[in-house]
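Geometric and topological summary
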Amino acid sequence: MSHKLKIAGWVAIGAVAGALTTVQLQAVARGTLAPLPLEELQQLAAVFGMVKTDYVEPVDEKKLISEAISGMVASLDPHSQYFDKKSYKEFREGTSGRFVGVGIEISMEDGLVKVVSPIEDSPAFRAGLKSGDLITKIDDTAVKGLTINDAVKLMRGEPRTKVLLTIFRKDEDRTFPVTITREEIKTQSVKSRVVEPGYAWVRVSQFQERTIEDFARKLEDIYRTDPNLKGLVLDLRNDPGGLLDAAVALSAVFLPENVTVVSTNGQLEDSKFIYKAIPQHYLRRGGTDPIKRLTENTKGALKRVPMVVLVNEGSASASEIVAGALQDHKRATILGSQTFGKGSVQTVRQLTPETGLKLTTARYYTPSGNSIQAKGIVPDVMVDETVEGNVFAALRTREADLQKHLGNGRDPAEPPMTDARRAEEQQRDEAREIARKRVEEEARKNPGQRLVPEFGSEKDFQLQQALNQLKGRPVLVSKTLEVRPPEKKEN
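Residues numbered from 1 in each chain as written. Predicted model: local features only at pLDDT ≥ 70, side-chain atom pairs only at ≥ 80, totals over all residues. Heavy atoms only, no water.

**Re the overall build of the protein**
Counting its secondary structure elements, the protein contains 12 helices and 19 strands. A separation of at least 24 residues holds for 69% of the contacts in the protein among residues at least 6 apart in sequence. For the protein, the accessible area works out to roughly 26,500 Å², and carbon and sulfur atoms hold 53% of it. (Helix = DSSP H or I, 4+ residues; strand = E, 2+ residues; numbered from the N terminus. Contact = heavy atoms within 4.5 Å. Areas by Shrake-Rupley, 256 points an atom, 1.4 Å probe, with all protein chains shown as cover.)

Right, dumping it as structure tokens:
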């Protein structure tokens, strides 16, 4: 028995090592990688063989290899990821701004799915769903106890398939069923409105493939409504980022042509690049230029209109690129709180038609050469979330809090943990606990109510301070917000 197991293990080693040798020869031929470490790869193959033959029950070979790849990539940093068939499909839907579903923005309330708003002209919109509706069942599955991701998965599906939602409408005190036919949904990542004569608010919630076209169209509408624009608020709060070319394009709307927007630097030669506010650096092959159209239709007004950019701890990656570019070129005043600090570039490479690899390949630097990674953008004016202070700021995790986060590549390695650093971390932990208890208490006092007003609403405190900034009026500056010290990593 032992002899057979040993033979089976070495057969597996031979098969894997043979494949790896091929990879090694290809790598050396390309001249981009050093020879692969055969001793360690033989060990990997040996473990694979032992698991395959010795484990208590049969295991799927493809699953083993997939999990091994996933673990290897996940060990690098929080943003590198191996995409299997399912996660690759979800990733592509997220960046394209398209998915198949019913078309609602949702949150959770009392363990149920709450409709924040139906997406315009979606199946849910046409079926009459309203903001505030609670979904109690999805087909035969009770929502109580499900996570929001579980609920989303149940509502998504193939085009032209049906899903039965059971709705509780509080203001009418009734429960009723709604059958909705799923279809492809195009999400809107841009919202806008003229908040008062001469002043407009434009929010970008994510940088997707359609963001720039939507952004240009919204600003053209605003300009037609009010061609004498005196000030513009660009809202990037809680914008997690997205596509780099979209960030470069959005920056180009407001910056002079040919100035630097962002630079990148990594191991590969093609990762060392300076992106400028020119069509060649944001246009996709064969695409039209919505930025040129916007500039012409607004007679260049958006290059001159006074601006405030709103950011917070949830502003990351592409939104930090925009904020950093506008700040460095003194094109806008940045207002809010220090941003997330995700200043790394992820390149997505297709492995098979259904799988891919998202790999960190470079760091981002603002036009003045400052690293965004693990630092973020520090606002010119620090302003709290509400007039009472910051409800969620202490609870939010930033890049520097993530395990295995990438260093910023500029600061020297830090010596071992000091008493001062331990005290800082303890203070942050205590602040998080205080904030958590406060949020729980407020939620008990005001069930179903928003703790922070909706972005862009009349009760949006930071938006009101941004308007004060544009009008030259006093701004209620935060008395508690501080710049977090850099979280240096040992090399």
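**Points about the packing of helix 8 (residues 244-254) against helix 10 (residues 318-328)**
Packing of helix 8 against helix 10 leaves a shortest axis separation of 9 Å and a crossing angle of 25°. Relative to helix 10, the element helix 8 lies roughly parallel. Our pair here, helix 8 against helix 10, has a crossing hand that is right-handed. The segment helix 8 lies against helix 10, with L244, A247, L250, S251 and F254 engaging A318, I321, V322, A325 and L326. (Axes fitted to C-alpha atoms, helices over the stretch in contact; angles between N-to-C directions. Parallel < 35°, antiparallel > 145°, perpendicular 65-115°, else oblique. Left-handed = near helix turned anticlockwise from the far one by under 90°.)

**Examining empty space enclosed by the protein**
All chains considered together, the criterion is met by 1 cavity of 30 Å³ or more. Taken as a whole, the largest cavity holds about 30 Å³ of empty space. (1 Å grid on protein atoms, 1.4 Å probe; cavity = no way out; pocket = protein on both sides within 12 Å on 5 of 7 lines; lining within 4 Å. Points joined across faces, edges and corners; volume = space filled by probe spheres on them.)

**Considerations on the packing of aromatic side chains**
Given two aromatic rings, one states the distance between the centres and the angle between the planes to describe the pair. Applying the stated rule across the entire model yields 4 aromatic pairs. Taking the centre distance of 5.9 Å and the plane angle of 25° together, the rings of F83 and Y88 count as stacked. Plain terms: the ring middles of F273 and Y275 are 4.8 Å apart, the flat faces sit at 65° to each other, and that makes the pair edge-to-face. The buried category is assigned to Y275, whose relative accessible area is 19%. (Phe/Tyr/Trp six-rings, centres within 6.5 Å; stacked < 30°, edge-to-face > 60°. Buried < 20%, exposed > 50% of the residue type's maximum accessible area, 1.4 Å probe, protein only.)

**Remarks on the pattern of salt bridges**
In the structure shown here, the tally under the stated rule is 20 salt bridges. Here K85 makes a salt bridge to E354, at a shortest N to O gap of 3.7 Å. One end of the pair, K85, is in helix 4 (residues 85-96); the other, E354, is in the loop between strand 17 (344-352) and strand 18 (355-365), and 269 residues separate them in sequence. For K85, a relative accessible area of 54% translates into the label exposed. According to the relative accessible area criterion, E354 is partly exposed, its value standing at 39%. Across the salt bridge formed by D221 and R224, the nearest N and O atoms sit 2.3 Å from each other. One end of the pair is D221 and the other is R224, both in helix 7 (residues 211-225) and 3 residues apart, which spans about a single turn. Residue D221 is classed as partly exposed on the basis of its relative accessible area of 34%. (Salt bridge = Lys/Arg side-chain N within 4 Å of Asp/Glu carboxyl O.)

**Regarding the confidence of the model for the protein**
Averaged over every residue, the pLDDT of the protein is 85; residues scoring 70 or more account for 86%. Confidence drops under a pLDDT of 50 for residues 1-31, and excluding neighbours within four residues, the segment shows 23 contacts in the predicted structure. (pLDDT = per-residue confidence, 0-100.)

**Some words on the nonpolar core**
F215, L219, L234, F254 and V309 are the most contacted members of the largest nonpolar core, which totals 50 residues. Apart from the residues within four sequence positions on either side, V309 is in contact with L234, L236, A323, L326, A332, T333, I334 and L335. Core analysis: the next-biggest nonpolar cluster, separate from the first, contains 19 residues, V113, I138, A151 and V178 among them. (Core = buried A, V, L, I, M, F, W, Y, C linked by side-chain atoms within 4.5 Å.)

**With respect to the pairing of strand 12 (residues 231-235)**
Most of strand 12 sits inside the fold, with 5 of its 5 residues counted as buried. The alternating pattern of strand 12 places G231, V233 and D235 on one face and L232 and L234 on the opposite face, and all of these are buried. Direction of pairing for strand 11 (residues 199-204) relative to strand 12: parallel, over a ladder of 5 bridges. The residue bridging R203 from the neighbouring strand is D235, located in strand 12. (Pairing = 2+ DSSP bridges.)

**So, the packing of helix 7 against helix 8**
Where helix 7 meets helix 8, the closest approach of the two axes is 10 Å, and the angle between their N-to-C directions is 25°. Taken together, the axes of helix 7 and helix 8 are roughly parallel relative to one another. Counting all contacts with helix 7, which are made through I212, F215 and L219, the residues of helix 8 involved are A246, A249, L250, V253 and F254.

**Overview of the environment of L244**
Its place among the elements puts L244 in helix 8. Using a relative accessible area of 16% as the deciding quantity, one classes L244 as buried. Along the primary structure L244 and I321 are separated by 77 residues, whereas in three dimensions their C-alpha atoms are 8.5 Å apart. Dropping the residues within four chain positions of it, L244 is found in contact with V262, Y275, I321 and Y364.

**Re the pairing of strand 3 (residues 104-109)**
Bridge analysis of strand 3 against strand 4 (residues 112-118) gives 6 bridges, and the strand direction is antiparallel. Bridged to I104 within strand 4 is P118. Connecting strand 3 to the next strand, strand 4, in antiparallel fashion are 2 residues, including D110 with a positive phi near 55°.

**Focus: the side chain of S271**
Along the chain, the position of S271 falls in the loop between strand 13 (260-265) and strand 14 (273-276). Accessibility expressed as a relative area gives 8% for S271, which makes it buried. For S271, the side chain forms a polar contact with the main-chain nitrogen of G266, separated by 3.1 Å. S271 has contacts with T264, N265, G266, T361 and A362, leaving out every residue within four places of it along the chain. (Polar contact = N/O pair within 3.5 Å; in protein donor to acceptor, adjacent residues only side chain to side chain.)

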